[in-house]
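The residues making up each chain are set out below.
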Protein chains: 2
Amino acid sequence: MNLPHSVRLVEVGPRDGLQNEKQPISVADKVRLVDDLTGAGLSYIEVGSFVSPKWVPQMAGSAEVFAAIQRQPGVTYAALTPNLKGFEAALEAKVEEVAVFAAASEAFSQKNINCSIAESLARFEPLMAAAKAHKVRVRGYVSCVLGCPYDGEVNPAQVASVARELYAMGCYEVSLGDTIGTGTAGDTRRMIEVVGRDIPRERLAGHFHDTYGQALANIYASLLEGINVFDSSVAGLGGCPYAKGATGNVATEDVLYLLQGLGIDTGIDMDKLIAAGQRICEVLGKANGSRVARARIANR
Amino acid sequence: MNLPHSVRLVEVGPRDGLQNEKQPISVADKVRLVDDLTGAGLSYIEVGSFVSPKWVPQMAGSAEVFAAIQRQPGVTYAALTPNLKGFEAALEAKVEEVAVFAAASEAFSQKNINCSIAESLARFEPLMAAAKAHKVRVRGYVSCVLGCPYDGEVNPAQVASVARELYAMGCYEVSLGDTIGTGTAGDTRRMIEVVGRDIPRERLAGHFHDTYGQALANIYASLLEGINVFDSSVAGLGGCPYAKGATGNVATEDVLYLLQGLGIDTGIDMDKLIAAGQRICEVLGKANGSRVARARIANR
């Protein structure tokens, strides 16, 4: 059993977590969330995205959020940028790192971003060139790696193909997302085994959703396969609009609890993390999606 | 990675799941639950317990439940029996197999059953003798194996000591219970490693609670350690009254989903299992505690 000594958690709550919220969330509340997460010791926070507000109105204020957060040295504040226009807006907002995304399933790519996988990858080329010129690191996301809401099963070879292209284009890390949360530990192992033939495992990250309650088992399976970066969302914020009943992203608190129990270092303070999550849940008027947070708060 | 080809799930919903419900549940509803679980392919169902109704009023009708269920060949219908009196009542109700329980923590033993661990074990001796005489198999439970609500950490050596005594007394299987759900995959591995020095792993079972969302990761870790029997509760019924905010027993549906994904056979039909869980939740007027059931029902 070779477990890593330390793991990096990529906090996606402010972006992936909030983007599908229907109610307006003030810039001040978003800034407070990011600052709370910085204070809790997160070293990587996806703050917002630079996409058309027509498509994702909740992310319209991302530039203002970037302008107001208290940036700390050693913490990466990243943004999702679907194209060159978004990248340029991100540059203007002094974003230090960006992320691009592609789907492992043709049907999902068509329905989600209205183009084929190949077209979506081609669109990143000018962005990748600009990022290189500006020395901005780019992270790649692949969605639907363990299942598609339209196509059902997704072949690991297809995941590997998309991940390989993102890596070859210059993404320093590729995050493998089980968007609909249907994958199990066995699927996770098989997928990593195939994708890991082309990309070093230290360049892969796991992004799991807890819709079927499998996220922590999948993370444990991934750790045993040599993965040591995981995306998670404080208080389990967010969910996939394409999967009804989705409980969404795995909660950062629950992942941290697992890692702490395994003696794996993350640099994150659990109490401060729980407070950050509970605060945004109160702002949203939502139940806290972290089981650890719920149990800790109930036992106070 | 040596995973078992098949796993036996011990369904504890009708007993462990319902025993702490405050509202009255009719014998007919309990019988229906057991019959539904039989129909879903469960091969082992803990139907009730023969304890003083003063302590656990919800289990007062266990004899009537045993009299009314439709027993199927190949399915074990078991009951919890804390002492000889309970065992005799179980015999009268034609119970085929019984279970006894002890705690791995002194403080929990004192607060839960009002005696020391040693005293609780001594009380089982006449029961074990009677069971042997009547050729009734006895299963042993150890609670608090990964933490105690009063003492905090529990030493794996203490768990091993209690488990060893139960095994030596004649329990054919010892179920290791993380009563408060605080254990993680690392704790689980270490505990099995220690307990497994004295008892063959095929004689051990895992009993995990999902209070901190760790149950499936713990089950996956246990599978990798050679455990192939797990206790679970349909719809996640039940919880520990000693841990506030407890989401209780891991849901059978969620465990089954994990096992199906790993290609491990259980003989259980997911659709029928979900229907059995949803029906009892409707009777209780409670939200379904299984993430798989919630996701499946929402996506219908």
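Residues numbered from 1 in each chain as written. Chains lettered and ligands numbered in written order. Predicted model: local features only at pLDDT ≥ 70, side-chain atom pairs only at ≥ 80, totals over all residues. Heavy atoms only, no water.

1. So, the overall build of chain A
Item 1. Broken down by element type, chain A carries 12 helices and 8 strands.
Item 2. In terms of overall dimensions, chain A is globule-like: its C-alpha atoms have a radius of gyration of 18 Å, near the 19 Å expected for 300 residues.
Item 3. When its C-alpha atoms are laid out on the principal axes, chain A stretches across 50 × 45 × 35 Å.
Item 4. Within chain A, the fraction of its 300 residues that count as buried is 60%.
Item 5. Expressed as a percentage of contacts within chain A between residues at least 6 apart in sequence, the contacts between residues at least 24 apart total 73%.
Item 6. Summed over all atoms, the accessible surface of chain A reaches about 11300 Å², with 49% contributed by carbon and sulfur.
Item 7. Positive and negative side-chain charges in chain A, numbering 29 and 33 respectively, have mean positions lying 2 Å apart. (Helix = DSSP H or I, 4+ residues; strand = E, 2+ residues; numbered from the N terminus. Rg over C-alpha atoms; globule rule 2.2 N^0.38 Å. Buried < 20%, exposed > 50% of the residue type's maximum accessible area, 1.4 Å probe, protein only. Contact = heavy atoms within 4.5 Å. Areas by Shrake-Rupley, 256 points an atom, 1.4 Å probe, with all protein chains shown as cover. Lys, Arg positive; Asp, Glu negative; His and termini not counted. Charge placed at Lys NZ, Arg CZ, Asp CG, Glu CD.)

2. Details of the pairing of strand E2 (residues 44–49) of chain A
All names here are of chain A.
Item 1. With respect to burial, E2 is a largely interior element, 6 of its 6 residues being buried.
Item 2. Of the strand pairs in this sheet, E2 and strand E3 (residues 76–80) are connected by 5 bridges, and their pairing is parallel. Bridging from a neighbouring strand, Ser-49 pairs with Leu-80 of E3.
Item 3. After leaving E2, the chain enters helix H3 (residues 62–68) and then returns to the sheet as E3, a path that is right-handed. (Pairing = 2+ DSSP bridges. Right-handed = clockwise from strand over helix to strand, strands pointing away.)

3. Focus on the packing of helix H2 (residues 27–39) of chain B against helix H11 (residues 270–284) of chain B
Residues and elements named next belong to chain B.
Item 1. Close contact between H2 and H11 brings their axes to 8 Å; oriented N to C, the two are set at 170°. When the interaxial angle is binned, H2 and H11 end up roughly antiparallel. The way H2 lies across H11 gives a crossing that is left-handed. Residues Asp-29, Arg-32, Leu-33, Asp-36, Leu-37 and Gly-39 of H2 touch H11, and the partners they reach there are Lys-272, Leu-273, Ala-276, Arg-279, Ile-280 and Val-283.
Item 2. Considering only residue class, the contact of H2 with H11 consists of 6 nonpolar, 1 polar and 5 charged. (Axes fitted to C-alpha atoms, helices over the stretch in contact; angles between N-to-C directions. Parallel < 35°, antiparallel > 145°, perpendicular 65-115°, else oblique. Left-handed = near helix turned anticlockwise from the far one by under 90°. Nonpolar A, V, L, I, M, F, W, Y, C, P; charged D, E, K, R; others polar.)

4. Comments concerning the interface of chain A and chain B
Item 1. On the side of chain B, 38 residues touch chain A, which itself brings 38 residues to the contact.
Item 2. Taking both partners together, chain A and chain B bury about 3200 Å²; carbon and sulfur atoms supply 55% of that area.
Item 3. Summed over the shared surface of chain A and chain B, the number is 2 salt bridges.
Item 4. Note that Arg-291 of chain B and Asp-210 of chain A form a salt bridge whose closest N and O atoms lie 2.6 Å from each other.
Item 5. At the boundary of chain A and chain B, one finds 8 residue pairs in polar contact (both at pLDDT 80 or more).
Item 6. Contributions of two or more residues to the side of chain A that touches chain B are made by helix H8 (185–195), helix H9 (215–224), helix H10 (252–261) and helix H12 (291–298) of chain A.
Item 7. A total of 6 residues in the side of chain A that touches chain B trace back to one element, the largest contributor, which is H12 of chain A.
Item 8. Partitioned by chemical class, the residues of the side of chain A that touches chain B number 16 nonpolar, 11 polar and 11 charged. (Buried area = accessible area lost by both parts, 1.4 Å probe. Salt bridge = Lys/Arg side-chain N within 4 Å of Asp/Glu carboxyl O. Polar contact = N/O pair within 3.5 Å; in protein donor to acceptor, adjacent residues only side chain to side chain.)

5. A few points about helix H8 (residues 185–195) of chain B
Item 1. Among the residues of H8 of chain B, Ala-185, Gly-186, Thr-188, Met-191, Ile-192, Val-194 and Val-195 of chain B are the ones counted as buried.
Item 2. Turning to H8 of chain B, the residues buried within the fold contact H9 and H10 of chain A together with helix H7 (156–169), strand E6 (173–178), strand E7 (204–208) and helix H9 (215–224) of chain B.

6. Here's the deal with the relation of the copies chain A and chain B
Item 1. Expressed as a screw transformation, the operator carrying chain A onto chain B has a rotation angle of 180° and an axial translation of 0.0 Å, and the superposed copies differ by an RMSD of 0.0 Å. The transformation just described matches what one would write down for a two-fold rotation axis. When each C-alpha of chain A is compared by its distance to the rotation axis, Ala-217 of chain A comes out closest, at 2.0 Å.
Item 2. Both copies present the same face, since 100% of the interface residues in chain A are matched by interface residues at the equivalent positions in chain B. (Least-squares fit on C-alpha atoms with pLDDT ≥ 70 in both.)

7. Observations concerning helix H12 (residues 291–298) of chain B
Side chains that are three or four residues apart share a direction in an α-helix, a result of its 3.6 residues per turn.
Item 1. Among the residues making up H12 of chain B, those that are buried are Arg-291, Val-292, Ala-293 and Ala-295 of chain B.
Item 2. Check the buried side of H12 of chain B and you find it contacts H12 of chain A together with helix H10 (252–261) and H11 of chain B.
Item 3. One side-chain oxygen of the residue at the start of H12 of chain B lies 3.3 Å from the amide nitrogen of Val-292 of chain B, identifying that residue as Ser-290 of chain B.

8. Some words on the packing of aromatic side chains
Item 1. Following the criterion strictly, the structure yields 7 aromatic pairs over all chains and no others.
Item 2. Seen from their ring centres, Tyr-212 of chain A and Tyr-257 of chain B are 4.9 Å apart, and the 25° between their planes marks the pair as stacked. With Tyr-212 of chain A in the loop between strand E7 (204–208) and H9 and Tyr-257 of chain B in helix H10, this pair bridges two chains.
Item 3. Taking relative accessible area as the criterion, Tyr-212 of chain A reaches 8% and is therefore assigned buried.
Item 4. In this structure, Arg-137 of chain B is placed above the aromatic ring of Tyr-172 of chain B, and the distance from its NZ or CZ to the ring centre is 3.8 Å.
Item 5. Over the aromatic face of Tyr-44 of chain B sits the side chain of Arg-139 of chain B, whose NZ or CZ is 5.7 Å from the ring centroid. (Phe/Tyr/Trp six-rings, centres within 6.5 Å; stacked < 30°, edge-to-face > 60°. Lys NZ or Arg CZ within 6 Å of the ring centre and 35° of its normal.)

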